[in-house]
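Coordinates in review
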Amino acid sequence: MGEFKVHRVRFFDYMPTAIRAMAFNAHTERLALARMDGSVEIFNFTDHYFQEKVIPGKDSRSTESLCWVGGRLFSAGLNGEITEYDLENLRPKYSLEAYGGPIWTIISNTQGTQLAIGCEDGTVKLFEVLEEHIQFERNLDRQKGRIISLSWHPSGTHIAAGMMDMIRVFDVPTGHAVQRLLVDRGFGGSKSQETVVWSVAFLSDHTVVSGDSAGKVQVWDGHTGTLVKTHLVTKWDVLALSVSKDESSVVAGTSEGTVIQFQFIAPTLHQQQDKEWVRTRTFKNHTHDVRALAEIETAIVSGGMDTHLVVRPLLEKFDENTEMAEITLAGFDSVLLFFPQRNLVSCAKKAGLLLFQFPGQLELWRLGDSDGHDGRNTVNIVDSFQTKGSDHICCSALSSCGGWLAYSTVSCVRIYRLQTDNNNISITKVSKLPKALRSAHQLCFSSDSSKMFAASSQSSVLVIALTQSECKYVHTLKPKSGQQPIHLMTTSVDGKWLAAANSDCEIRVYNLQKLKLHCIVPVYGSCPSAMGIHPTTNNMTVVHADQQLFEYSIVEKQYTDWSRKLQKQGLHNVWLDRDTPVTHVTFNPKNPNQVVLHDMHMFCIIDQSLPLPDQKTQFYNQMTLRSLSEQERPSHLHAFKICKTFQDLLCVSLLDDQSLVVVERPLLAITSQLPAPVRQKKFAT
Amino acid sequence: MATLFEGFTLCGLVQTQSASDSAIQGIELDGDSDHAVVTDSTRAVTLYKVSDQKPLGSWTVKQGQLLTCPAVFNFQTNEYVVVSDNKVIRVWKEEDLHLDKAFKATVSADVWRVHSAPGGEPVVLFQRGAVRLLDSLLSAPQQPIEDILSEEEKEVIRWSTNIVAEKQHFVLFTTEQKGEHFLYVQRLNPNTLQKYRLEREDSRAPPLSFSASLRDKHINLLYLYPNGCVYQSVVAVQGPVGLEGVQALPRSLRLRLPVGEGELGAASAVALDEAHVAVVGMPHPSARTGKDFLCIWNTNFQTLQADKEMVGRICGQVGILRIVWCYLGKLFVPHGKALSVIPYECQKSSLASALGKLRHPGIAVSKSSVAIPSWNTLLHGDQPQGPTKIVDSRKSVLTVVHLQPFQTGPVEEVRREVEALVSRGDAQDLQLSVGRLACQLVARSQVETAFYAPGALARLVKTQCLCHSMCPDLLLLALEHKDYFLCQLCLQLFPDIPEVVTCACLKTFIGNEVLQTPYSDNLLVPHLKDLNAPQVILFLQYLQFIYLKYSQDVYTQTPVLRSPTMTQIIDWVCLLLDAHFTVLVMAPDAKGLLSNLQSFVKSQVKLFSELGKIEGSLQELHKMKPSKDISQYSIEVIELF
């Protein structure tokens, strides 16, 4: 296939922020995850943990807790506000001041009619959930000391509240505290420190399980207020608890980065009826505090200070009765989600510029002059934009000529004109923008930079014409149906086609000359994670979260023969077993057969002229091919050419001069920027 | 192997009034490795230059006073320290002439011992268990001394020593209280005291001697009981700190010495290294009782490695007293009227050096069931090492066994009897009876030339309870009768065929089996020299043949029980060439063979040098990997195929 010049870029100091809270919606199987910067991410657990939606954060917002009520998502934080999110427009719908000081926790009852929050001022406040809003109902008896954690009894009659040094049980109808459970302080020096009950869980049989800052997981009888069992699990804090749906298992997350499972089982085989809470397993997938936990049907989901989300499968849930359960479990890997599954890097293919998106700023870099043979490859930062206001950037784009730059927050869109002369770039903000352009979920430029497209609410796309002097609103491409936000957008090189995909898995192709819908690609059951339109054939390559790959001819409105052949033969298992989605599709302008794709761990050049690999073919065959002679090679070639030289990839793109740009963000570099984990005594230290 | 060299007398000893008292209280080192500080049992401390057996100085206390603890050398101040009359500590230098004029200090409690070791400050151990550093004690001699051991409970110190680890200083002492024995480990700076209870021996007898050494950050305590058992207990240097109460001290039996009739009176065991123990005051297993020997035993293989008779009575007293000291490769043993110094050497021992070159692990299937004979069994015939109870039962089997048929019966009847015996006996009994029986049958064959029972012998060998040492004539007998089947069987199953016999077999036939017998290089070579030139050439040709055969399919070949390994073949080729090189060079018919072997060696050397290069490159690669600089930006070229 030949040699490629690679710009290996490692200067994107992308730093994900710590995970603070999590809520799993068992009904829709969506996991909502809140980070320290106030952003909220929605993962679809029915679709390969695909990161479906991202709601950008805000400087002043700090989310302490998340809560689903049906399909509605609420959060509360230390700014004292309750926020409901608009999951279709990816922005807060409204925020409500609770007047109780910082809010530590928010929960809902099982019926979904009420919300309860725990406040710094010692009150538990109840809110009624209305159709479009929530309304304050009443306070429960005010306590001395903050309310850190809450758990609602499944029947809705009682609430357990974790506080400092104690747990209170409230009778909801009367609002009175009916039990006071005193929580012991830690041993030794920490005796003088108050114990914070970080998390409580109220089970159907009125058992209260608590996790506290003294490292204990305690089991209480909620009727009598007596302590049943204490498990001292760590020297540090137990920060989070989560109960399985059938209440047979509780997991606890600690500051040591461990997740400890407790199961309600009979301690001996002979006395099956006398069950008790027994510590069973310990998982160590984190290096830092486990702040958020969710035990779902088949897995334990955990996240914390070390920023990555871990889905640890519990296989024995499937085959509880076989003895093989533990063995299979040991061989089953956790899924670790490190990077956002959306573009943070834009690449100007003609100009050799890179745009990096941070929550509060943008960085524009020029790639080194690759003609220089003396090895002095220089790269220079052109400019960095500090966004105004406290809203974080939700998307950004750079035109391929490098002449235009745009970004959007939930409240505004900004467009800049970039002018290059003799290595100096002057940046001018476009002052007058069309009124219709308020905010965008996705931005992209046409390849000749004459138009900009902005994905707006209800899957609509705004077409903006760009000229030297002004930005003019042209049209809104609005589908008849469709509510979900657009998360992918791409245009054809000839400027005729625009494709937009939304999180309902719909891909619409618009004819830009006629400014109307051309066709809808047959809906596939998994969300598209990347797509691109071929520069010469106008065939669209789409990769889905489940790793399936399709090629669709826009002109003929049908899948291409190559795509049919691929589907008929089936993708190689090695391809399908990868656990990170493809996030970019680009093409080689010089060789129409070549499609360039990448996920976090590899990039792949698909050569459509070569035979497809069958299941028996060695899939990763680059090393083998390298060792073969020129004559032997052709018989071993197959279409998928995979390169794993570069790791932790955020972007792989092919510039117009045929050189590859590879943006790496080594996980090690991320880890090294984390604060030091709690000190643990290791053996012999 | 261990060797005891010719010893010499350091000094004569004055007989003490009490016959059971030792004339020597202690022998210590000072700053000069050739010096020994000898404290006698009464009043005198003498400094000797050991190599010259010459006294360099002597100090005595006044009549009426008594030295109550061996003099030690303070390595930090270059002074000698001794205690007289339990309470008076005396400190002097080598140039001081009179002990009376030296510094002295009276302390408030009775001193048991002063201990000193290079790298540590001397420590004073009081009779009631308290420990003080000498310096701090002398700065305030009358300071109150606490009781660690209670007077009422009658707990008394029996033995003590000190150990200086890298940065830690320990004082170890054992006590006796109502028949129970305890070990105290006193750690200094920070001071912690841990008490361990020694397991009680069945006979309830007190240990005769203790010896402590430091190995691999563990204190190894070795102690000997009158019944001949040498136990070892291990205490971690980084031991559990702050454990309350008395811990049980687990022990492991390192050695069971043959004590003959009765029990040992005064005996002492001292660990020389991790595998060797010197024992004084016990009878030699093969000599008649009444004589005392200094023996070095290998505890790993339970073999006697070296011995020396100690003329005269070993001095010692009932109870725990050291009667052997071991410093810098020399053993100091007071016996009779003299203090002898016996240099020794212990080589790193391995089973290979003890028993010859190791068998190939794949072939050593029978190893576990073949009991390696202890010298004891060999020398004493049927006297087993085990407790007497078992001896009785074995004897009973033996009496049942050696009955008429084996003495006089015809070959066929013998075979049947053997078959019956082998099939009914259990492993424990079989071991002995089989050996006995084999010896009888061999002896009978040697007397009656007409009698030879190959079937019965083969059956006995196949029990795998037999080894060459048990019945040394068996293999030779088989050779004599050209019974190659039995020879092969013996070669396969015996772990201990002497090299001379191996060579004898070689002369008669060449087989797979011979190559696999264990051997020691330097012992085999002289015997190999007995082979004549045609034999050597034939053997070499055979070795070359099997080597070529193997090297062709070395990877496909699965290890077969009776095939020698490549290493074994190469070893034999080397040995043969070593033994006969000059002869072979001269012999014209060996020319082709030698040049073949030479070209083979050349190719091997080349191969290994290439492998060495590859190894070097791989190591470089290994080093390169992490150092691969992660720069922020680079332009690289990759090639995809």
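No experiment lies behind these values; they were computed from the predicted model shown.

Here the focus is the overall build of chain A. Each helix and strand counted, chain A has 6 helices and 55 strands in total. Split into buried and exposed, the 685 residues of chain A put 59% on the buried side. Put simply, 48% of the contacts in chain A that link residues at least 6 apart link residues at least 24 apart. When the accessible area of chain A is evaluated, it comes to approximately 28900 Å², of which 49% is carbon and sulfur surface.

The next thing to look at is the overall build of chain B. Across its full length, chain B holds 16 helices and 30 strands. Out of the 641 residues belonging to chain B, those deemed buried represent 48%. Long-range pairs, those at least 24 residues apart, make up 53% of the contacts in chain B with a sequence separation of at least 6. A total accessible area of about 30900 Å² is found for chain B, and carbon and sulfur atoms account for 55% of it.

A word on the interface of chain B and chain A. At the junction of the two partners, chain B supplies 12 residues and chain A supplies 27 residues. Around 2000 Å² of area is buried between chain B and chain A when both sides are counted, 59% of it from carbon and sulfur atoms. On the chain B side of the interface with chain A, the three residues burying the most area are Y633, L640 and F641 of chain B, jointly 45% of the side's total. Where chain B touches chain A, the interface holds 1 salt bridge. On the surface where chain B and chain A come into contact, there are 8 residue pairs in polar contact (both at pLDDT 80 or more). Taken together, the residues of the side of chain B that touches chain A sort by class into 7 nonpolar, 3 polar and 2 charged. Where strand β1 (residues 2–9) of chain A meets strand β30 (residues 633–640) of chain B, 8 bridges bridge the pair, whose relative direction is antiparallel. By the bridge assignment for β30 of chain B, V9 of chain A is matched with Y633 of chain B.

Considering all chains together, one arrives at 32 aromatic pairs over all chains under this definition. A cation sits over an aromatic face here: R417 of chain A above W404 of chain A, 4.7 Å from the ring centre.

Counting through the fold element by element, V333 of chain B comes out in strand β28 (residues 330–335). Linking V333 of chain B and T9 of chain B, residues 324 residues apart in sequence, is a C-alpha distance of 9.5 Å.

Quick look at the environment of S659 of chain A now. All names here are of chain A. One can find S659 in the loop between β54 (649–654) and β55 (660–664). Along the backbone, S659 and K349 are 310 residues apart, and their C-alpha atoms lie at a distance of 9.7 Å. Setting aside residues no more than four positions away along its own chain, S659 makes contact with K5, H7, S653 and L654.

All names here are of chain B. By size, the foremost hydrophobic cluster in this structure holds 35 residues, and its most contacted members are L460, V461, L474 and L486. For this core, the elements supplying multiple residues, two or more each, are α6 (411–424), α7 (427–447), α8 (454–462), α9 (473–480), α10 (484–493) and α11 (499–508). With 6 residues, the single largest contributor to this core is α10. Discounting residues that sit within four places of it in the chain, L474 has contacts with V442, L457, V461, L466, L486, C490 and F494. Of all hydrophobic cores here, the second largest spans 25 residues; its members include I537, F539, L543 and I569.

This next bit is on helix α2 (residues 561–569) of chain A. All names here are of chain A. Within α2, burial applies to W562, S563 and L566. Across the axial projection of α2, the buried residues extend over an arc of 100 degrees, all falling on one side. The outward face of α2, more than 90 degrees from its buried face, is lined by the exposed residues D561 and K568. The inward-facing, buried residues of α2 contact β48 (549–553), β49 (558–559), β52 (603–607) and β53 (640–643). At the C-terminal side of α2, G570 shows a positive phi close to 90 degrees.

Residue and element names in this part refer to chain B. Spatially, 4 strands are ordered β23-β24-β25-β26 in an open sheet, and the strand pairing comes out antiparallel. Two strands bound the open sheet, and with one partner strand each, they are β23 (268–271) and β26 (303–310). For this sheet, the mean angle separating the axes of adjacent strands, direction not counted, is 15 degrees.

What follows covers the pattern of salt bridges. Summed over all chains, the structure comprises 31 salt bridges over all chains. Of the charged contacts in the structure, one is a salt bridge between R578 of chain A and D599 of chain A, with a shortest N-O distance of 2.3 Å. Placement of the pair is R578 of chain A in the loop between α3 (573–576) and β50 (584–587) and D599 of chain A in the loop between β51 (594–598) and β52, with a sequence separation of 21 residues. D599 of chain A shares its class with R578 of chain A; the two are buried. If you follow the salt bridges from partner to partner, you end up with R8, R10 and E664 of chain A together with E636 of chain B in one network.

Residue and element names in this part refer to chain B. Where α9 meets α10, the axes come as close as 8 Å, and the angle between the chain directions of the two elements is 150 degrees. Here α10 runs roughly antiparallel to α9, going by the angle between their axes. Helix-helix and strand crossings are classified by hand; for α9 and α10 the assignment is left-handed. On α10, the residues touching L474, L475, A478 and L479 of α9 are L486, C487 and C490. Its residues assigned to classes, the contact of α9 with α10 shows 7 nonpolar, no polar and no charged.

All names here are of chain B. Among the 8 residues of β26, 6 are classified as buried, and the element is accordingly described as predominantly covered. As defined by bridge partners, strand β25 (residues 292–298) adjoins β26 across 7 bridges and the pair is classed as antiparallel. Within β26, the residue paired with F293 across the bridge is E309.

A positive phi angle, close to 55 degrees, is found at Y99 of chain A, a residue other than glycine. Overall, Y99 of chain A belongs to the exposed group, its relative accessible area being 66%.

Looking now at the sheet that holds strand β8 (residues 79–84) of chain B. All names here are of chain B. Spatial ordering of the open sheet is given by β7-β8-β9-β10, a layout of 4 strands whose pairing is antiparallel. The two strands at the open ends of the sheet, each matched to only one other strand, are β7 (67–74) and β10 (103–106). In this sheet, adjacent strand axes meet at a mean angle of 15 degrees when their direction is disregarded. When β7 meets β8, the two strands line up antiparallel, connected through 5 bridges. Bridge assignment links N74 to a residue of β8, and that residue is E79.

Residues and elements named next belong to chain B. The grouping of L607, F608, L611, I614, L618 and L621 at the surface amounts to a nonpolar patch, some 590 Å² of accessible area in total. Considering the arrangement of structural elements, one finds L611 in helix α16 (residues 591–627). For L611, a relative accessible area of 44% corresponds to the partly exposed category.

So, about the confidence of the model for chain A. Residues and elements named next belong to chain A. Overall, the prediction assigns chain A a mean pLDDT of 87, with 92% of residues at 70 or greater. Confidence drops under a pLDDT of 50 for residues 317–332, and excluding neighbours within four residues, the segment shows 16 contacts in the predicted structure. Here residues 371–378 is a poorly scored stretch, pLDDT under 50, and it has 10 contacts once near neighbours within four places are set aside; other chains count.

For the rest of this paragraph, the subject is the side chain of H518 of chain A. Residue and element names in this part refer to chain A. If you trace the backbone, H518 turns up in strand β45 (residues 516–521). Note on H518: relative accessible area 18%, which makes it buried. Among the polar contacts listed, one links the side chain of H518 to the backbone oxygen of I554, at a separation of 2.8 Å. Sequence-distant contacts of H518, defined by excluding residues within four places in its chain, comprise W497, V509, Y510, N511, I554, V555 and K557.

This brings us to the pairing of strand β32 (residues 361–366) of chain A. All names here are of chain A. In terms of burial, β32 is largely enclosed, as 6 of its 6 residues are buried. Going residue by residue along β32, you find Q361, E363 and W365 tucked away on one face and L362, L364 and R366 tucked away on the opposite face as well. Between strand β31 (residues 353–357) and β32, which pair antiparallel one after the other, the connecting turn spans 3 residues.

Turning our eyes to something else, we now look at α8 of chain B. Note that an α-helix has 3.6 residues per turn; residues three or four places apart therefore point the same way. What α8 of chain B keeps buried is the set A456, L457, A458, L460 and V461 of chain B. Among the residues trailing α8 of chain B, Q464 of chain B stands out with phi positive, at a value near 60 degrees.

Attention shifts here to the side chain of H169 of chain B. Residue and element names in this part refer to chain B. Within the secondary structure, H169 sits in strand β15 (residues 169–177). A distance of 3.3 Å separates the side chain of H169 from the side chain of N162, its partner in a polar contact. Aside from chain neighbours lying at most four places away, what touches H169 is G120, E121, V123, N162, I163, V164, Q186, R187 and L188.

Rules used in this analysis
- Residues numbered from 1 in each chain as written.
- Chains lettered and ligands numbered in written order.
- Predicted model: local features only at pLDDT ≥ 70, side-chain atom pairs only at ≥ 80, totals over all residues.
- Heavy atoms only, no water.
- Helix = DSSP H or I, 4+ residues; strand = E, 2+ residues; numbered from the N terminus.
- Buried < 20%, exposed > 50% of the residue type's maximum accessible area, 1.4 Å probe, protein only.
- Contact = heavy atoms within 4.5 Å.
- Areas by Shrake-Rupley, 256 points an atom, 1.4 Å probe, with all protein chains shown as cover.
- Buried area = accessible area lost by both parts, 1.4 Å probe.
- Salt bridge = Lys/Arg side-chain N within 4 Å of Asp/Glu carboxyl O.
- Polar contact = N/O pair within 3.5 Å; in protein donor to acceptor, adjacent residues only side chain to side chain.
- Nonpolar A, V, L, I, M, F, W, Y, C, P; charged D, E, K, R; others polar.
- Pairing = 2+ DSSP bridges.
- Phe/Tyr/Trp six-rings, centres within 6.5 Å; stacked < 30°, edge-to-face > 60°.
- Lys NZ or Arg CZ within 6 Å of the ring centre and 35° of its normal.
- Core = buried A, V, L, I, M, F, W, Y, C linked by side-chain atoms within 4.5 Å.
- Arc of directions from axis to C-beta.
- Axes fitted to C-alpha atoms, helices over the stretch in contact; angles between N-to-C directions.
- Parallel < 35°, antiparallel > 145°, perpendicular 65-115°, else oblique.
- Left-handed = near helix turned anticlockwise from the far one by under 90°.
- Patch = residues over 30% accessible without salt bridge, like charges linked within 9 Å, V, L, I, M, F, W, Y side chains within 5 Å.
- pLDDT = per-residue confidence, 0-100.

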